Amino acid sequence: MYQSFYDSPLGKLLLQSDGENLTALKIQKHRFYHDYEKDSMIQKDDLEIFKETRDWLDRYFRKEKPGIKELSLKPKGTEFRERVWRILCEIPYGTVITYGDIARRIAKEDGIEKMSAQAVGGAVGHNPIGIIIPCHRVIGQNGKLTGYGGGIENKIKLLELEEVDQGKWRRDEFC
């Protein structure tokens, strides 16, 4: 396993790879950051996936809206979590959806009456590839900003960077 770092407007980002795919991207102040920071990782800044990821992030922070499919991503999680993360990848720039929206979609696809929004929230919260897999585009019921592992202030910065209509989320809940 390999790692590199990227200095972003949100602070230092930890990038990790299996050698071919991006497996993690964590903001240094993310609540699970230290779970990813390991001495056994090999620092390899010139790994191709890290070069591609740094280029992607450069364009993202310049508001160029790079596509998720430009990068080879390999997040690891349970089948349910990976399913939720695939749904996150479908959320377009400039939009937000709720945990309940995702839960209703999964329930409909599975032909069941309902799915727990809290279970979806748990899967969203364990997204190992932040920013690129856009968990920051998921908000609570009625537009309320809910927890973000990288810090609510960074969630706000990402939503503002993507020019999400502030009428769709309630900044005043945390500011």
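Below you will find a few notes about this structure. (Residues numbered from 1 in each chain as written. Predicted model: local features only at pLDDT ≥ 70, side-chain atom pairs only at ≥ 80, totals over all residues. Heavy atoms only, no water.)

### Here's the deal with the overall build of the chain
When its secondary structure is counted, the chain shows six helices and six strands. When its helices and strands are written in sequence order, the chain yields β-β-β-α-β-α-α-β-α-α-β-α. Considering the chain as a whole, with its 175 residues, one finds that 47% of them fall into the buried category. Summarising the internal contacts of the chain: among those between residues at least 6 apart in sequence, 61% fall at separations of at least 24. For the chain, the computed accessible surface area is about 9,000 Å², with 47% contributed by carbon and sulfur atoms. (Helix = DSSP H or I, 4+ residues; strand = E, 2+ residues; numbered from the N terminus. Buried < 20%, exposed > 50% of the residue type's maximum accessible area, 1.4 Å probe, protein only. Contact = heavy atoms within 4.5 Å. Areas by Shrake-Rupley, 256 points an atom, 1.4 Å probe, with all protein chains shown as cover.)

### As for the packing of helix 3 (residues 79-88) against helix 4 (residues 99-110)
Their axes nearest at 11 Å, the elements helix 3 and helix 4 cross at an angle of 115°. The pairing of helix 3 with helix 4 is recorded here as roughly perpendicular in orientation. Every pair of crossing elements has a handedness; the one defined by helix 3 and helix 4 is right-handed. Residues Phe80, Arg83, Val84, Ile87 and Leu88 of helix 3 form the contact with helix 4, whose participating residues are Ile102, Arg105, Ile106, Glu109 and Asp110. Residues belonging to the contact of helix 3 with helix 4 are distributed by class as follows: six nonpolar, no polar and four charged. (Axes fitted to C-alpha atoms, helices over the stretch in contact; angles between N-to-C directions. Parallel < 35°, antiparallel > 145°, perpendicular 65-115°, else oblique. Left-handed = near helix turned anticlockwise from the far one by under 90°. Nonpolar A, V, L, I, M, F, W, Y, C, P; charged D, E, K, R; others polar.)

### Some points on the packing of aromatic side chains
For the coordinates displayed, the defined rule picks out four aromatic pairs. A ring pair is formed by tyrosine 6 and phenylalanine 61, whose centres lie 6.4 Å apart and whose planes are at 15°; its orientation type is stacked. Highlighted residues: tyrosine 6 in strand 1 (residues 2-8) and phenylalanine 61 in helix 2 (residues 48-61), separated in sequence by 55 residues. Ring geometry for tyrosine 60 versus tyrosine 93: centroids 6.2 Å apart, planes at 35°, classification tilted. In this pair, tyrosine 60 is assigned in helix 2 and tyrosine 93 in the loop between helix 3 and strand 5 (97-98), connecting sequence segments 33 residues apart. Assessed through its relative accessible area of 2%, tyrosine 60 is described here as buried. Since its relative accessible area comes to 23%, tyrosine 93 is described here as partly exposed. Aromatic ring contacts, followed pair by pair, group Tyr6, Trp56, Tyr60, Phe61 and Tyr93 into a single cluster. A cation over an aromatic ring shows up here: lysine 12 above the ring of phenylalanine 5, its NZ or CZ 5.0 Å from the ring centre. Its end group placed over the ring of tyrosine 93, arginine 137 keeps NZ or CZ at 4.4 Å from the ring centre. (Phe/Tyr/Trp six-rings, centres within 6.5 Å; stacked < 30°, edge-to-face > 60°. Lys NZ or Arg CZ within 6 Å of the ring centre and 35° of its normal.)

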